[in-house]
Amino acid sequence: MSKVKKMAKKTEEKKESTVTDLPGVGAATAEKLSAAGYDDLLSIAVSSIGQLVEASGVSEVVARKMIQAARDGLDMGFQSGSDMLKKRDRIIKIKSGSENIDNLLAGGFETSAITECFGQYGSGKTQIGHVLAVSCQRDDPDAVAVYIDTENTFRPERIIQFAKGFDMDPDAVLERIKVARAFNSDHQMILAEKVEDLIKEGVKVRLIIVDSLTAHFRAEFVGRGTLAERQQKLNKHMHLLAMLADKYNLCVYVTNQVMAKPDAFFGDPTEAIGGHIVGHNSTFRIYLRKGKKNTRVAKLVDSPNLPDAECAFNVTEFKIEDIWIFFWFFDFFSRNFLNYTIYQYIWTWKCSDLIGEIKNE
Ligand code: ADP
Ligand code: MG
């Protein structure tokens, strides 16, 4: 064996793989670290010396060595663009049942990402959560949805209705939805952490719903003085959700409330809660608005790879469905008997007319 190869082998053998392999970490320190949330190499590699000192009581020198060793032990290298493309192959898109909404997201709600719906009460955020909990089980009989319910709005009856709408066995569907009621923001954060335990036990979690992401945080942290702490906690919570989404290729669906923007003279006088923290941590953001007669408008306002767009849908007893059904006759006729350009022109005119009508309510 050449000298270089031998050396390479040596460094490979030296690589630490668990926290206890790190220099200066005995059983007691490992326990303290784990209690503070540092239970893998990555969490130590990306932490600061001060954080480790505070968490485990080791000296600064030891903390520095630990971080260095954890960094050496990890492959923190770069991936090529084509590797990333391959990684995108594993992404599954969960359908909502409304083609309009799915098209807005180029096929459905993606795994490995956080999708946020924000809007007023009654705008359909919870309904979409329910329908996704059912539909994520359609293609995969082992898939499980986790529903973290903070507003006490999870309704098994609604799940049964949506399951019937998809022609699925309601009892089997309910069996594969794990619901937990979160009583405050800390509880909500702990529940999100527990999802990883579920996965490690072998439960195939495909979807995590946090409905609502921000309600507890908004209620508990009142006043300017608490804003920084609230945002910090919310950030930590969303980072954990993002990590779960990426590590286990699952879809995270969160809902968010809006508040009135009193200084807005023009346009929509509402704004999502949670500020930049929630906005930046969500991969896709959808704004929901109520329209006439049970109609809703969904608008994609932020996405890394899709254009902003808008669509309309209906919430019915068994489905979330497209509004275009009213135009089915018109569509059939014009597609078959009209020149394509004229057809397209009338079609966009007709649809924007409808959306305009809903908006103007
Ligand atoms: P939020 O955005 O506050 O979470 P929801 O998603 O709970 O709002 O939407 C509530 C709305 O969903 C109701 O106002 C109603 O229009 C509609 N909805 C709820 N249940 C049914 C049902 N069984 N049949 C038809 N529409 C329903
Ligand atoms: Mg709701």
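Predicted model only: the values in this text are computed from it and were never measured.

1. Some remarks on the pairing of strand E10 (residues 284–290)
Item 1. The buried count for E10 comes to six of seven residues, which makes it a mostly enclosed element.
Item 2. The sheet contact formed by E10 and strand E11 (residues 295–302) spans six bridges and is antiparallel. Within the sheet, the bridge partner assigned to Lys290 lies in E11 and is Arg296.

2. Things to note about the packing of aromatic side chains
Item 1. Counting across every chain of the model gives four aromatic pairs.
Item 2. Pairing Phe118 with Tyr287 gives two aromatic rings, centres 5.1 Å apart and planes at 20 degrees, and the pair type is stacked. Taken together, the residues Phe118 in strand E3 (residues 113–119) and Tyr287 in strand E10 connect sequence positions 169 residues apart. Here Phe118 and Tyr287 have matching classes, each one buried.
Item 3. Pairing Phe217 with Phe221 gives two aromatic rings, centres 6.5 Å apart and planes at 15 degrees, and the pair type is stacked.
Item 4. By relative accessible area, Phe217 is classed as buried at 1%.

3. Topic: the side chain of His237
Item 1. Examined against the element boundaries, His237 turns out to sit in helix H13 (residues 227–247).
Item 2. In this structure, His237 is in contact with Gln188, Met189, Ala192, Val210, Leu213 and Phe217, ignoring residues within four places of it in sequence.

So, how was this worked out
- Residues numbered from 1 in each chain as written.
- Chains lettered and ligands numbered in written order.
- Predicted model: local features only at pLDDT ≥ 70, side-chain atom pairs only at ≥ 80, totals over all residues.
- Heavy atoms only, no water.
- Buried < 20%, exposed > 50% of the residue type's maximum accessible area, 1.4 Å probe, protein only.
- Helix = DSSP H or I, 4+ residues; strand = E, 2+ residues; numbered from the N terminus.
- Pairing = 2+ DSSP bridges.
- Phe/Tyr/Trp six-rings, centres within 6.5 Å; stacked < 30°, edge-to-face > 60°.
- Contact = heavy atoms within 4.5 Å.

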